[in-house]
Amino acid sequence: MEIVILPTAAEVGHIAAAKIAGLVTRKPDAVLGLATGSSPLAIYAELAILARSGEVDFSRARGFALDEYVGLPVEHPQSYASVIRTEVTQPLGMDAALVRVPDGLAPDLAAACEEYERAIASVGGIDLQILGIGANGHVGFNEPSSSFQSRTRIKTLAPQTRADNARFFGSPDEVPTHCVTQGLGTILDAGELVMVAQGANKADAVARAVEGPISSRCPGSILQWHRRATVIVDEAAAAGLELAAYYRYTYENKPDWQRWI
Ligand code: F6R
């Protein structure tokens, strides 16, 4: 696992975007796993600039959102279908037909989850999964106690997650109680994981994910198990890392052949 600590949240977005842009340049039809929430917004804003300037062409890139609320109409501004359309597909110039979001309104949710897994498999899997992390350590909406082998399925959102996400809604009660999320097993199958976190309220979750025991108590700790995981955080989110000085040292002394920016 590579841990990159950067001075500001803006730089987190910049460096993570550079990694993703590099992949799409090398492989124009790359399959991206798309997180929503506030953490990746700076990444998408940077990628949109690269798309507008013609530096990177996302028109053939494919995408699978990490998760979706259950029961929220697709046209609701906080449905992840809406967020993916307004923050990702449109600004990056992706082909909407090549970008999928789990169906949180399917009459048979379990069948829809299985179909989502088949759709990911049918394109050869996700090349690069973008991740944020919840204050309670969740990745996707895999809340604490999620199985490491879990696949896309329905989950109950933890009360803390609903409270944290209330800022996107009019009131806490409007946050749906359930979601559909790629499983930890689905996430582990991606070729590469890039997790971003900004701000002091993520410091504890980042420390537990990066340096704590690998445990479903902190689902983000699965990154330690992945062959190619990069964690990009700002100083505030890095505040709980015991080995921060070592991570800074390795990043500063990275050999040229290992650089991705
Ligand atoms: C969103 C997702 C979640 C968020 C996490 C952090 O698709 O999967 O795991 O990444 O809840 O949310 P923010 O970024 O809003 O702090």
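These lines cover the structure that appears in this document, whether it is placed above or below. (Residues numbered from 1 in each chain as written. Predicted model: local features only at pLDDT ≥ 70, side-chain atom pairs only at ≥ 80, totals over all residues. Heavy atoms only, no water.)

**Quick look at the overall build of the protein**
Secondary structure assignment for the protein yields eight helices and ten strands. Against the globule reference of 18 Å for 261 residues, the protein gives a C-alpha radius of gyration of 17 Å, in line with a compact fold. The dimensions of the protein, computed from C-alpha atoms along their principal axes, are 55 × 40 × 35 Å. Taking contacts inside the protein between residues at least 6 apart in sequence as the whole, the part at least 24 apart equals 78%. A total accessible area of about 11,300 Å² is found for the protein, and carbon and sulfur atoms account for 54% of it. For the protein, the separation between the mean place of its 22 positive charges and that of its 30 negative charges on side chains is 4 Å. (Helix = DSSP H or I, 4+ residues; strand = E, 2+ residues; numbered from the N terminus. Rg over C-alpha atoms; globule rule 2.2 N^0.38 Å. Contact = heavy atoms within 4.5 Å. Areas by Shrake-Rupley, 256 points an atom, 1.4 Å probe, with all protein chains shown as cover. Lys, Arg positive; Asp, Glu negative; His and termini not counted. Charge placed at Lys NZ, Arg CZ, Asp CG, Glu CD.)

**Describing the sheet that holds strand S10 (residues 229–234)**
Hydrogen bonds along the backbone pair up the strands of a sheet, which may run parallel or antiparallel. The parallel open sheet is built from seven strands, whose spatial order is S1-S10-S9-S6-S2-S3-S5. Only two strands of the sheet have a single neighbouring strand rather than two, namely strand S1 (2–6) and strand S5 (99–100). In this sheet, strand S3 (residues 62–65) lies alongside strand S2 (residues 31–34) in parallel orientation, the contact comprising four bridges. Of the residues in S3, the one forming a bridge with Val 31 is Arg 62. Where helix H1 (residues 9–26) meets the sheet, it contacts S1, S2, strand S6 (128–131), strand S9 (192–197) and S10, and its direction lies at approximately 155° from that of S10. (Pairing = 2+ DSSP bridges. Axes fitted to C-alpha atoms, helices over the stretch in contact; angles between N-to-C directions.)

**Some remarks on the site of the ligand**
With respect to spatial proximity, 15 residues lie near the ligand, and among them Ser 39, Asp 67, His 138, Gly 140 and Lys 202 are the closest. Gly 140 has a polar backbone atom sitting 2.7 Å from an oxygen atom of the ligand. Between an oxygen atom of the ligand and a side-chain N or O atom of Arg 167, the distance comes to 2.9 Å. When isolated, the ligand has an accessible area of 410 Å², and the protein chains bury 95% of it. (Near = heavy atom within 4 Å. Polar contact = N/O pair within 3.5 Å; in protein donor to acceptor, adjacent residues only side chain to side chain.)

**Quick notes on the sheet that holds strand S8 (residues 178–181)**
Overall, antiparallel pairing links the three strands, which are arranged S4-S8-S7 in an open sheet. The open sheet is flanked by strand S4 (67–69) and strand S7 (153–156), the only strands paired with a single partner. On average, each strand axis in the sheet is inclined to that of its neighbour by 30°, with strand direction left out of account. As defined by bridge partners, S4 adjoins S8 across three bridges and the pair is classed as antiparallel. The partner of Asp 67 across the bridge, within S8, is Thr 181. This element, helix H4 (residues 109–122), spans S7 and S8 of the sheet and lies at about 120° to S7.

**Some remarks on the side chain of His 226**
Following the sequence through the fold, His 226 ends up in the loop between helix H7 (203–211) and S10. At 2.9 Å, the side chain of His 226 forms a polar contact with the backbone nitrogen of Arg 228. Those residues in contact with His 226 that sit more than four places away from it in its chain are Ile 187, Leu 188, Ala 190, Gly 191, Glu 192 and Leu 193.

**Concerning the pattern of salt bridges**
For the structure on display, the rule yields eleven salt bridges. Asp 189 is paired through a salt bridge with Arg 151; the nearest N and O atoms lie 2.9 Å apart. Highlighted residues: Asp 189 in the loop between helix H6 (184–188) and S9 and Arg 151 in the loop between S6 and S7, separated in sequence by 38 residues. Among the ionic pairs, Arg 228 bridges to Glu 192, the shortest N-O distance being 3.5 Å. (Salt bridge = Lys/Arg side-chain N within 4 Å of Asp/Glu carboxyl O.)

**Quick notes on the pairing of S7**
Judged by which residues are buried, S7 turns out to be one-sided: Arg 153 and Lys 155 face inward and are buried, whereas Ile 154 and Thr 156, on the alternate face, are not. Where S7 meets S8, four bridges bridge the pair, whose relative direction is antiparallel. Bridged to Arg 153 within S8 is Thr 181. (Buried < 20%, exposed > 50% of the residue type's maximum accessible area, 1.4 Å probe, protein only.)

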